[in-house]
Amino acid sequence: MADEAIEVLLEEGRTFPPPDAFRQSGNLNDAAVFERADKDPEGFWAEQARELDWFRTWDKVLEWDCPWAKWFIGGKINVSYNCLDRHVKTARRNKAAIIWEGEPGEERVLTYRDVWREVNKFANALKKLGVQKGDRVALYLGMVPELLIAMHACNRIGAVHSVVFGGFSAESLRDRINDASAKVLVTGDGGYRRGTVIPLKKNADEAVEGSPSIENVVVVQRVGSDSGAVMKEGRDHWWHELMAGAPLWCEPEPMDSEDMLFSLYTSGTTGKPKGIVHTTAGYLLGVYLANKWVFDMKEDDVFWCAADIGWVTGHTHIVYGPMANGATQVMYEGSPDWPDKDRLWRMVEKYGVTIFHTAPTAIRTFMRWGTEFPAAHDLSSLRLLGSVGEPINPEAWMWYHEHIGHGNCPIMDTWWQTETGHPLITPFPGVTTLKPASATRPFPGIEADVVDEQGKSVPLGGGGYLVLKRPWPAMLRTVFNDPDRYVETYWSRFPGMYFAGDGAKRDKDGYFWLLGRVDDVMNVSGHRLSTMEVESALVDHQAVAEAAVIGKQHEVKGQGICAFVSLIAGVENTPELVEELRAHVARKIGAIARPDELYYAAELPKTRSGKIMRRLLRDIADGKALGDTTTLADPTVVAKLKEQYEDE
Ligand code: PRX
């Protein structure tokens, strides 16, 4: 977000105190919790951890040898047991866990007992394929219940899942499988998106050709004969065939608190995504508590997080957090504008959704579509709203409040990251006075600060880098197979502090206002991409000599991708080639990485030491006047580039 925009935000005086209903009966309505947690964080987390079901309680709460954390040492616990068995033992057994709707319109309702049964059976099927504790299983599926079932089946037997978003390309899938040395891949014959079939199996086949660690592929039949999926004898197995013969009970593995639960790849500042490692007890505790407190989950709520399970939001706010709380959830397979732009609101009305969670980019899209779509439906069941993934602008916040929440629903603007496991700067509906577009204040037990270049705390009212100064149970433990990168990325910029990569300001009340990334990570429609990943995909094309990519402010996506490329001598810079290069990036990484804008440059502006001057490219892309360019090796390059850009 531009600095001027944030100044406007900070000046705006609108506040929204907690409504009486939340003040009285919110799951967290005692503000004293924050003070207690601050004074004794370990005692606070331990007190909360007692709400989980342990096979053996821990001997020690925390061992902290910065940046290496171990929580609940000596404890034994199983995540699927906490998300399923403990509900199945109570009257919740017949409660709807998942109300699923396919894009073409089918409905499936799975009770807690249904999910429990499927999870047990699939856990046995995985075992039969030779999967053992600690083995990695890659999951590449659309939004179908089998994805959630497979994730719980993995954690039931202590296997580590690595979910790869179904919109990623074959090549992205292959890289992630290989980095994790996954033994089994679970995919689908296809999935539906905007009425067309996504060729999951075809991509999976292409990926597995270059993934020697994969021994077996399990295929969920979603589409049927239209999918064109071809099964490879001996390697590929239909999900339903494996399930038909699988026994009903699988003993949950008593996992060590610190055993790895999953890895999820996310973009950093280099071209290679990193596998963020989460462990068992700490992650489970964090997501249980965050969903209970931030989203105030109650027995009769119908919760809908409209994210994809391929991202961390779906892990935390679909698969693990709500299920640890025994909540009923809606899950939707497809696109929000299929067959019409009122699809989501139709579903809110139909299923009586009470809590709805989405991303600012989606809210801005709804705004653009117009108020008539939500207005056509009875949304009075809603009582609470959520926002996640990127800074939300005040206009979008107000629109969401008015047109979706009808003025009655507090909005939880939750700041967090794949690495943090759950929201760390966030309001709570029973205690927090909201300010539109501020993620407000830290979660109990979390010490967040804003520091300057030297790591010194900036007084209230100032801006700088967002850091976290204390470990927390759901924090990442390392980067898969790359502990040095863990230390380097998160703990070396400011010694002793976790550096989030975000800029932030704090106002005089101590409220945090997130300003976006301060590194080479872009946030495109709430999805994280590194500039370097897109640059590597571009230079991989035979016509391209060099490429520089920047994130550019975009009205709907938050940031759009803007690429500058110089071509190999002799290649002509045609409009067709622009399209070819955009398509090439989409093929290499996935459609989310397709550049919005692509410009030819005779040469890219560089400093004398050869570093690409991104600031200059940003200024050019924003059409701003150029600043000091004396460090450029060849100042005429920029002038040419700027001229060319303005001609477009
Ligand atoms: O820049 C921040 C932004 O998203 C980044 C984390 O991306 P990812 O790991 O993909 O996780 C997204 C979902 C948790 C952060 O570094 N971000 C996330 N939530 C917010 C946000 N920026 C501002 N406000 C938020 N509420």
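Below is a summary of the structure that appears in this document. Please read these numbers as outputs of a predicted model, since none were measured by experiment. Each residue is numbered by its place in its chain's sequence as written, counting from 1. Local features in a predicted model are, by the rule used here, given only for residues with pLDDT of at least 70; side-chain atom pairs are given and counted only at 80 or more, and totals for whole chains, interfaces and linings are based on all residues. The basis for every side-chain value is the complete set of heavy atoms in the structure, and neither hydrogens nor water enter the calculation.

## A word on the overall build of the protein
And step 1. Secondary structure elements are taken from DSSP: a helix is a run of H or I of four residues or more, a strand is a run of E of two residues or more, and numbering for both begins at the N terminus. Helix and strand content of the protein: 21 helices and 30 strands.
And step 2. For the radius of gyration, the atoms used are the C-alpha atoms, and the globule rule reads 2.2 Å times the number of residues raised to 0.38. Here the protein has a C-alpha radius of gyration of 24 Å; the compact-globule value for 648 residues is 26 Å, and the two agree.
And step 3. Its C-alpha atoms give the protein principal-axis dimensions of about 75 × 65 × 55 Å.
And step 4. Think of it in three bands: residues with accessible area under 20% of the maximum for their type are buried, residues over 50% are exposed, and the middle band is partly exposed, with areas taken using a 1.4 Å probe on protein chains only. Counting the 648 residues in the protein, one finds 61% classified as buried.
And step 5. Whether two residues are in contact is decided by their heavy atoms, any of which lying within 4.5 Å being enough. Considering only residue pairs separated by 6 or more positions, the protein has 71% of its internal contacts joining residues 24 or more positions apart.
And step 6. Approximately 24500 Å² of the protein is accessible, and the part contributed by carbon and sulfur atoms is 49%.
And step 7. Counted as positive: Lys and Arg. Counted as negative: Asp and Glu. His and the chain ends are not counted at all. All charge positions are set by atom: Lys at NZ, Arg at CZ, Asp at CG, Glu at CD. Charged side chains in the protein number 72 positive and 92 negative. The centres of these two groups are separated by 4 Å. Each accessible area value is a Shrake-Rupley result obtained with a 1.4 Å probe; residue values ignore everything except the protein chains displayed when judging cover.

## Quick look at the environment of Trp491
And step 1. Along the polypeptide, Trp491 turns up in helix 17 (residues 483-491).
And step 2. Between the C-alpha atoms of Trp491 and Ala96, which are 395 residues apart in sequence, the distance is 43 Å.
And step 3. Leave out the neighbours within four places in its chain, and Trp491 touches Trp64, Cys66, Pro67, Met475, Tyr486, Gly496, Met497 and Tyr498.

## A short note on the side chain of Thr266
And step 1. Within the secondary structure, Thr266 is located in strand 14 (residues 260-266).
And step 2. A distance of 3.3 Å separates a polar atom in the side chain of Thr266 from a polar atom in the side chain of Arg528.
And step 3. Every residue in contact with Thr266, bar those within four places of it in the chain, is listed here: Pro273, Lys274, Ile276, Thr418, Glu419 and Arg528. What qualifies as a polar contact is a pair of N or O atoms within 3.5 Å, subject to a donor-acceptor requirement within protein and to the restriction that residues adjacent in sequence count only when both atoms come from side chains.

## A short note on the sheet that holds strand 19 (residues 384-388)
And step 1. Strand order in the open sheet formed by seven strands is 5-4-17-16-18-19-20, with mixed pairing between adjacent strands. The sheet is open, and its two borders are formed by strand 5 (107-111) and strand 20 (411-414), each paired with just one other strand. Sheet twist, expressed as the average angle between the axes of neighbouring strands with direction ignored, equals 20°.
And step 2. The pairing criterion is simple: DSSP has to find at least two bridges between the two strands. As paired elements, strand 19 and strand 20 share four bridges and run parallel to each other. Paired with Gly386 across the bridge in strand 20 is Met412. Fitting a line to C-alpha atoms yields each axis, with helices limited to the stretch in contact; the angle taken between N-to-C directions then spans 0 to 180 degrees.

## A word on helix 13 (residues 343-351)
An α-helix turns once per 3.6 residues; consequently, residues spaced three or four apart project the same way.
And step 1. Among the residues of helix 13, Arg343, Leu344, Trp345, Met347, Val348 and Tyr351 are the ones counted as buried.
And step 2. Of the residues one or two after helix 13, Gly352 is the one with positive phi, at around 65°.

## Some remarks on the site of the ligand
And step 1. Around the ligand, the structure places 17 residues, and the nearest of them are Asp413, Thr418, Asp502, Arg517 and Arg528.
And step 2. Between the ligand and Thr414, the relevant distance is 2.8 Å, taken from a nitrogen atom to a main-chain nitrogen or oxygen of the residue.
And step 3. In the model, an oxygen atom of the ligand is placed 2.8 Å from a nitrogen or oxygen of the Arg517 side chain.
And step 4. The fraction of the free accessible surface of the ligand (540 Å²) that becomes covered by protein chains is 96%.
And step 5. Looking at the shell around the ligand, the elements with two or more residues in it are helix 12 (312-324), strand 20 and strand 25 (512-517).
And step 6. Residues are grouped as follows: Ala, Val, Leu, Ile, Met, Phe, Trp, Tyr, Cys and Pro are nonpolar; Asp, Glu, Lys and Arg are charged; all remaining types, including Gly, are polar. Here the residues of the shell around the ligand are counted per class, giving six nonpolar, six polar and five charged. Think of it this way: one heavy atom of a residue within 4 Å of a molecule or strand is enough to make that residue near it.

## Things to note about the pattern of salt bridges
Pairing of side chains with opposite charge becomes possible as their charged atoms draw close.
And step 1. When a carboxyl oxygen of Asp or Glu lies within 4 Å of a side-chain nitrogen of Lys or Arg, that pair is called a salt bridge. Inspection of the entire model under this criterion finds 51 salt bridges.
And step 2. One salt bridge in this structure joins Asp236 and Lys201, with 2.7 Å as the shortest N-O distance. On the criterion of sequence distance, the pair formed by Asp236 in strand 12 (residues 236-238) and Lys201 in helix 9 (residues 200-209) is long-range, its members being 35 residues apart. For the pair shown, Asp236 and Lys201 are each scored as buried.
And step 3. Among the ionic pairs, Lys469 bridges to Asp449, the shortest N-O distance being 2.7 Å. Of this pair, Lys469 sits in the loop between strand 22 (463-468) and strand 23 (478-479) while Asp449 sits in strand 21 (residues 448-451), and the two are 20 residues apart along the sequence.
And step 4. The class for Lys469 is partly exposed, based on a relative accessible area of 29%.
And step 5. Look at Asp449 and you get buried, because its relative accessible area is 6%.
And step 6. The network of salt bridges with shared partners includes Glu101, Glu107, Arg343 and Lys350.

## Details of the packing of helix 3 (residues 32-39) against helix 4 (residues 41-49)
And step 1. Between helix 3 and helix 4, the shortest axis-to-axis distance is 5 Å and the interhelical angle comes to 120°. If you check the angle between helix 3 and helix 4, you find them oblique. Residue-level contacts link Val33, Arg36, Ala37, Asp38 and Lys39 of helix 3 to Pro41, Phe44 and Glu47 of helix 4.
And step 2. Residues of the contact of helix 3 with helix 4, tallied by class, amount to four nonpolar, no polar and four charged. For classification purposes, an angle smaller than 35 degrees is called roughly parallel, one larger than 145 roughly antiparallel, one from 65 to 115 roughly perpendicular, and anything else oblique.

## What to know about the layout of surface pockets
And step 1. Cavity: a set of points on a 1 Å grid over the protein atoms alone where a 1.4 Å probe fits but cannot get out. Pocket: an open set with protein on both sides within 12 Å along at least five of seven lines, its lining residues, like those of a cavity, having an atom within 4 Å of a point. Grid points are joined across faces, edges and corners, and a volume is the space filled by probe spheres set on the points. One number sums up the size of the second largest pocket: a volume of about 450 Å³.
And step 2. Considering the residues around the second largest pocket, the lining is formed by 23 residues, among which Phe34, Arg441, Pro442, Phe443 and Ile446 are closest to the centre.
And step 3. Element by element, the count of residues in the lining of the second largest pocket is highest for helix 3, at three residues.
And step 4. The residue inventory of the lining of the second largest pocket, partitioned by class, reads twelve nonpolar, five polar and six charged.

## Let's talk about helix 20 (residues 614-621)
And step 1. For helix 20, the buried fraction is high: six of the eight residues fall into the buried class.
And step 2. Inspection of helix 20 places Arg614, Leu616, Leu617, Asp619, Ile620 and Ala621 among the buried residues, and these make up the whole buried set.
And step 3. The first or second residue beyond helix 20 is Gly623, which carries a positive phi of 70°.

## A few points about the sheet that holds strand 25
And step 1. Pairing is antiparallel across the open sheet formed by four strands, whose spatial order is 21-22-24-25. In this open sheet, the two strands that pair with only one neighbour each are strand 21 and strand 25. Shown here is a sheet whose adjacent strand axes are inclined to one another by a mean of 45°, direction ignored.
And step 2. In this sheet, strand 22 lies alongside strand 21 in antiparallel orientation, the contact comprising four bridges. Across the sheet, residue Val451 finds its bridge partner in strand 22, namely Tyr465.

Geometric descriptors of this kind do not, in isolation, establish any biological role.
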